[in-house]
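# Topology and contacts: notes
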Amino acid sequence: MLRNQVFSFFLLALFGLHVHAQDKRLVLNYYSGNKVEDSQTFSWNSGAVKDNRSQTWRVEIDSMVVDKRQGIVDYTIKYTLLSQRASQVAMGVSFGFEDWSADNFVFVPSIVYAGNRFDKKVMAYPPYWYNRDEWRIDMPTTTTLVPSLEKYENCGKIELTTGNAATPLMAFYSPAKARSWMVQCLQGNKWGNFGLFIEENKVKQKADFAIMSPAVREKRATGSGLAVSEDRAANLVKGDVVELKFRVYSRVARSLQDMYTCFLHNRKDFNPADSDYAVMPFSEVWRVMNRLFQQDRWDESIGMYCLTKPGSNAGWNQIWQLGWVGGGQATLPMLLQGDEVGVNRAIKNLDMIFTKTQAPSGLYYAYGNGKEFKGFGFGKALENNETFVRSQGDFLYMAQKQFSQLRNLGKEIPVAWWNSLKRQADVFYNLWSSYGQVGQFVDVETGDICIGGSTAGAIVPAGLALASQTFGKSNYLRAAEGLGDKFYKEFVLKGYTTGGPGEILSTPDSESAFALFESYVTLYEVTRKKKWLRYAKDLLPICASWVVSYDFKFPEHSVMNQINVHSTGAVWASVANKHGAPAICTWSGESLLKYYRATGDKYAVELLRDISHGIPQYISHPDRRVGKMEPGGACERVNLSDWEGKGSVGGNLFASCAWVEVATMLTVTQLPSIYVQKDKGLVEVFDHLDVKLLRRDNKNVELQISNPTRYDADVKLYVETSGEARRRLYSLKDASKVKMVNVKGNSSRIVKL
């Protein structure tokens, strides 16, 4: 029987290689400005070719099978101009697919999910359903004007550069043919970024994927739609060479998750990423950011940490919000690692929330100036009492984590706080019971859904699961599990999550994906049901799709290049907001470590390493200012794309952003510097440290910890066995697991554990 299964798998693998065959063609385009004036394709052969303008080229095609079983092949194409000159020209490769279906899932990390075949709402920033007549309980996924294969049209075209994607990659999954195909290329060559182009014709059942050098798009994606691109083709002279390198993956896929698994396992294998750099240790990040918060974010007159410097005449959305961008999340790092001043201020801030911001429904006003509060808003409050479910869910979850830490500190939690938070939990339970969902925007006064759909409430299952323990109510857990199942079936299995940011309609985004991952891990911790780990496993590649997997080459004169930023680990916000950012909005990634402890999944801890290790390089410091930001400041911009114009690639660091500050402080307070499993000799380093495993036996390990930075490092080590990792909950307050050591700047020490 086993022999037959192996033989069947072998035949299936061979069949997979056959059915994944694509029509590869060489492409050469001439342009007038950014428009194709003359396009020509050539057969897939090396040799000399003459184009329509009588220019002669030598084409060299090299290929190498990387993994025959998985259908992975590397290609290099070189176009050498043999004629005297060719003006405004670009060349590349196209992959044509016949018998194409619009049901195919088309994917480009961080910018295209399901071909972006969604409903559209075209309007200026910040987009929202301001007209109540547009509100729907069953709101479909709705995007701003983004690159799309079109939901309702017969033809669609997507024009991108490699700078638009977290990984320079295009892929699709065909459910009808049980197949997936993927191509990953380098960022570009000396002629600039490569172009990534996808065209679909539903009537002719054809699709074409192309890589071009250099990238020349007619339209570029911007923050509020599409604009005329400034791209121009190359002007070549005799002997110039244009080289394209790419890797093709072609394989059988029984589900969309199979395609995503292929992506997860290969996203870092082709493009270079360097993690061997150090800027400042986590403890120095905390020191400089905590100083900023205590000096320039605390407003004694209202008893709250603000999102900007008090007295700066900011709008309400830049003064205080309940969740999403800080607010009720900013107090947790103070409780975890603050001094007496920070702890007391955090308590005072929480008291303000619980006693001053609760609405009659039991929800909280999520937006205000510290004296007046409203449901939610942007430049001004929304007019119909709407509040953002994501903000509400963030607070339900984070408030309970703060209750836990207050108990660790020996602080008494006022009864009024308990009662207040329970009222909010009741609202979420009632929403689930009444609607079978928790919505995206709800009426803060009544608790009724205004706009439904999306995964804006992705963190709510985690909040309700904890609430079942906090308040001893099993019905909360039933609602949490029901909501977790709903999100999995209606979103994770479809390959994207939506609605995490408050100002992108319900465009696919990273924030809701990471929040949902947090929920699945929390549900596992509360119930110990393995299915939540399976759900998290299927969600992990979606989370990873938003994280930059390689080191982008920034323009020479950009701020990012000047401070030598390594873009690996930057997190894209959404398909609508087309930029990377220093961290997860607004989470530490702690759930990735918890998931790794339970499963040993190396891709989860690798993802966390990339994100957490990248953050310190974006923090402005007196010794290393980033742009014009004050020490401790961190801007949300890690611009790989030209969505704000070519001059903003690697720049536009307009100011420090509250959510980045909070996410950074959460990261350095919720994660250890070093994680160790003694029995397996596993050592994972998140901090800016170099660590060597010198010796280990059945009970002990010996590490050499080197601090290559100029700053002293207070190093947190979390040490356990693999068995303890599977059985016990993660807690940096577990004295039996946590060891603190100090390593002076530019020095090392030996630590025995």
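In case you missed it, the structure is sitting above this.
Throughout what follows, the structure given in this document is the object of discussion. (Residues numbered from 1 in each chain as written. Predicted model: local features only at pLDDT ≥ 70, side-chain atom pairs only at ≥ 80, totals over all residues. Heavy atoms only, no water.)

### A short note on the overall build of the protein
Convention followed: Runs of E in the DSSP output that reach at least two residues are strands. Runs of H or I that reach at least four are helices, and both are numbered from the N terminus. We compute the radius of gyration from the C-alpha atoms alone; for a globule the expected value is 2.2 Å times N to the 0.38, where N is the number of residues. Three labels apply to residues, based on accessible area from a 1.4 Å probe with only protein chains included: buried if under 20% of the type maximum, exposed if over 50%, partly exposed otherwise in between. Here a residue-residue contact requires only that any non-hydrogen atoms of the pair lie within 4.5 Å.
Within the protein, the secondary structure is distributed over 16 helices and 35 strands. Computed over its C-alpha atoms, the radius of gyration of the protein comes to 26 Å, within 12% of the 27 Å expected for a compact globule of 753 residues. Within the protein, the proportion of its 753 residues that are buried is 63%. Restricting the contact set of the protein to residue pairs at least 6 apart, pairs at least 24 apart contribute 69%.

### Topic: the sheet that holds strand 25 (residues 373-374)
How we decide: Strands are treated as partners if at least two bridges between them are detected by DSSP.
Spatially, 3 strands are ordered 23-24-25 in an open sheet, and the strand pairing comes out antiparallel. In this open sheet, the two edge strands, each paired with only one partner strand, are strand 23 (320-321) and strand 25. By the bridge criterion, 2 bridges tie strand 24 (residues 367-368) to strand 25 in an arrangement that is antiparallel. Each bridged residue has a counterpart across the sheet, and for Gly368 the counterpart in strand 25 is Phe373.

### As for the packing of helix 7 (residues 415-435) against helix 9 (residues 474-490)
The description of two helices packed together rests on the angle between their axes and the distance between the axes. Spelled out, the test is: Helix axes use the C-alpha atoms of the stretch in contact, all axes being lines fitted to C-alpha atoms, and the angles between their N-to-C directions lie in the range 0 to 180 degrees. Any angle that is under 35 degrees is reported as roughly parallel, and any over 145 degrees as roughly antiparallel; angles of 65 to 115 degrees are reported as roughly perpendicular and all others as oblique. Working rule for handedness: look at the near helix, and if it is turned counterclockwise from the far one by less than a right angle, call the crossing left-handed; if clockwise, right-handed. Note that Gly is not counted as nonpolar here; it falls among the polar residues with everything else outside the nonpolar set of Ala, Val, Leu, Ile, Met, Phe, Trp, Tyr, Cys and Pro and the charged set of Asp, Glu, Lys and Arg.
Interaxial distance between helix 7 and helix 9 falls to 10 Å at its minimum, and their mutual angle equals 50°. As far as their axial angle goes, helix 9 and helix 7 are oblique. At the point where helix 7 passes helix 9, the crossing takes the left-handed sense. In contact with Lys422, Ala425, Asp426, Tyr429 and Trp432 of helix 7, helix 9 contributes Asn475, Tyr476, Ala479, Gly482, Leu483 and Lys486. Per-class residue counts for the contact of helix 7 with helix 9 are 6 nonpolar, 2 polar and 3 charged.

### Focus: helix 2 (residues 256-266)
Think of an α-helix as 3.6 residues a turn; residues three or four steps apart then line up on the same face. With respect to burial, helix 2 is a largely interior element, 8 of its 11 residues being buried. Among the residues of helix 2, those classed as buried are Leu256, Gln257, Met259, Tyr260, Cys262, Phe263, Leu264 and Asn266.

### Concerning the packing of aromatic side chains
Where we set the bar: Here is the rule: rings of Phe, Tyr and Trp (six-membered ring for Trp) pair when centre to centre is within 6.5 Å. Planes less than 30 degrees apart are stacked, more than 60 are edge-to-face, and the remainder are tilted.
Summed over all chains, the structure comprises 54 aromatic pairs. Plain terms: the ring middles of Trp100 and Phe172 are 4.9 Å apart, the flat faces sit at 75° to each other, and that makes the pair edge-to-face. With Trp100 in the loop between strand 6 (85-97) and strand 7 (105-107) and Phe172 in strand 11 (residues 169-174), this residue pair connects regions lying 72 residues apart in the sequence. Phe172 matches Trp100 in its accessibility class, with the two residues each being buried. Here the aromatic rings of Tyr128 and Tyr130 are separated by 5.2 Å at their centres, their planes lie at 75°, and the arrangement is edge-to-face. Under the relative-accessibility criterion, Tyr130 is labelled partly exposed at 41%.

### Notes on the sheet that holds strand 27 (residues 441-443)
What holds strands together in a sheet is hydrogen bonding between their backbones, with the strands either parallel or antiparallel. The strand order 26-27-28 describes an open sheet built from 3 strands, whose pairing is antiparallel. For this open sheet the edge positions go to strand 26 (386-388) and strand 28 (449-451), each flanked by a neighbour on one side alone. Neighbour-to-neighbour, the strand axes of the sheet open up by a mean angle of 40°, direction not taken into account. Where strand 27 meets strand 28, 2 bridges bridge the pair, whose relative direction is antiparallel.

### Let's talk about the pattern of salt bridges
Between side chains of opposite charge, a pair can form when the charged atoms approach closely. Condition: Every case where a carboxyl oxygen of Asp or Glu lies within 4 Å of a side-chain nitrogen of Lys or Arg is listed as a salt bridge.
Applying the stated criterion across every chain, the model contains 45 salt bridges. A salt bridge links Arg58 to Glu60; its shortest N-O distance comes to 3.8 Å. A relative accessible area of 37% places Arg58 in the partly exposed class. Here Glu60 falls in the partly exposed class, since its relative accessible area comes to 31%. For Glu200, the salt bridge goes to Arg117, with nearest N and O atoms at 2.5 Å. Of this pair, Glu200 sits in strand 15 (residues 195-201) while Arg117 sits in the loop between strand 7 and strand 8 (119-120), placing them 83 residues apart in sequence.

### Digging into helix 7
Selection rule: For a helix, the expected span equals 1.5 Å multiplied by the residue count minus one. In this description, one arc is meant: the one made by directions from the helix axis to the C-beta atoms.
Between its first and last C-alpha, helix 7 extends 30 Å over 21 residues, near the 30 Å set by a 1.5 Å rise per residue. All of the buried residues in helix 7 are Trp417, Ser420, Leu421, Gln424, Ala425, Val427, Phe428 and Leu431. Each buried residue of helix 7 sits inside an arc of 140° when the element is viewed along its axis, so together they form one side. Counted as exposed and oriented over 90 degrees from the buried face of helix 7: Val415 and Ser434. Each element contacted by the buried residues of helix 7 is listed here: helix 5 (340-356), helix 6 (389-408), strand 27, strand 28, helix 8 (460-470) and helix 9. Looking one or two residues beyond helix 7, the residue adopting positive phi is Gly436, at roughly 70°.

### Considerations on the side chain of Thr497
Summarising the element assignment, Thr497 is placed in the loop between helix 9 and helix 10 (511-527). With near-sequence residues (within four places) excluded, Thr497 lies in contact with Thr455, Phe491, Thr507, Pro508, Asp509, Ser512, Ala513, Leu516 and Leu539.

### Description of the pairing of strand 32 (residues 701-707)
On a regular strand, one side chain projects to one face of the sheet and the next to the other, so that they alternate. Counting buried positions over the 7 residues of strand 32 gives 6, a clear majority of the element. In this sheet, strand 32 lies alongside strand 31 (residues 690-696) in antiparallel orientation, the contact comprising 6 bridges. Bridge pairing in strand 32 links Asp690 to Ser706. Hairpin connection between strand 31 and strand 32: a loop of 4 residues separates the two successive antiparallel strands. Sheet topology places strand 32 next to strand 35 (residues 747-752); 6 bridges connect them, and they run antiparallel. Across the sheet, Ile705 pairs through a bridge with Arg749, a residue of strand 35.

### A look at a positive patch on the surface
Selection criterion: Nonpolar side chains (Val, Leu, Ile, Met, Phe, Trp, Tyr) are joined into patches within 5 Å and like charges within 9 Å, using only residues with over 30% relative accessible area and no salt bridge. Here the Shrake-Rupley method, with its probe set to 1.4 Å, supplies the accessible areas, and only the displayed protein chains count as covering residues. His residues and chain termini do not enter the charge count, which takes Lys and Arg as positive and Asp and Glu as negative. By convention, charge coordinates are those of NZ in Lys, CZ in Arg, CG in Asp, or CD in Glu.
A surface patch of like charges, here positive, comprises Arg528, Lys530, Lys680, Arg726 and Arg727. Along the chain, Arg727 falls in helix 16 (residues 722-727).

### Let's talk about unusual backbone geometry
Going from Ser213 to Pro214, the amide bond is cis rather than trans, its omega being -10°. Tracing the chain through its elements places Pro214 in the loop between strand 16 (206-213) and strand 17 (219-222). Backbone torsion omega between Cys585 and Thr586 reads -10°, so that peptide bond is classified as cis. Note on placement: Thr586 falls in the loop between helix 12 (559-562) and helix 13 (590-599). Its identity is not glycine, yet Ser54 carries a phi of approximately 65°, on the positive side. Secondary-structure assignment places Ser54 in the loop between strand 3 (47-50) and strand 4 (56-67). One non-glycine residue, Asn746, adopts positive backbone phi at about 55°. Position of Asn746 relative to the elements: it lies in the loop between strand 34 (738-743) and strand 35.

### Quick word on the packing of helix 10 against helix 11 (residues 531-544)
Packing of helix 10 against helix 11 brings their axes to within 9 Å, and their N-to-C directions diverge by 160°. In terms of axis orientation, helix 10 runs roughly antiparallel to helix 11. Here helix 10 runs over helix 11; the crossing is left-handed. Residues Ala513, Phe514, Leu516, Phe517, Tyr520, Leu523, Tyr524 and Thr527 of helix 10 touch helix 11, and the partners they reach there are Trp532, Leu533, Tyr535, Ala536, Leu539, Leu540, Ile542 and Cys543.

### A word on the side chain of Ser512
To keep it simple, the criterion reads: Polar contact is the term for a pair of N or O atoms within 3.5 Å; when the atoms are in protein, one must be able to donate a hydrogen and the other to accept it, and sequence-neighboring residues count only if both atoms are side-chain atoms.
One can find Ser512 in helix 10. In terms of polar contacts, Ser512 uses its side chain to reach the side chain of Thr455, at 3.3 Å. Residues in contact with Ser512, not counting those within four places in the same chain, are Thr455, Ala458, Thr497, Thr498 and Gly500.

Treat this as a map of the structure, not an account of what it does.
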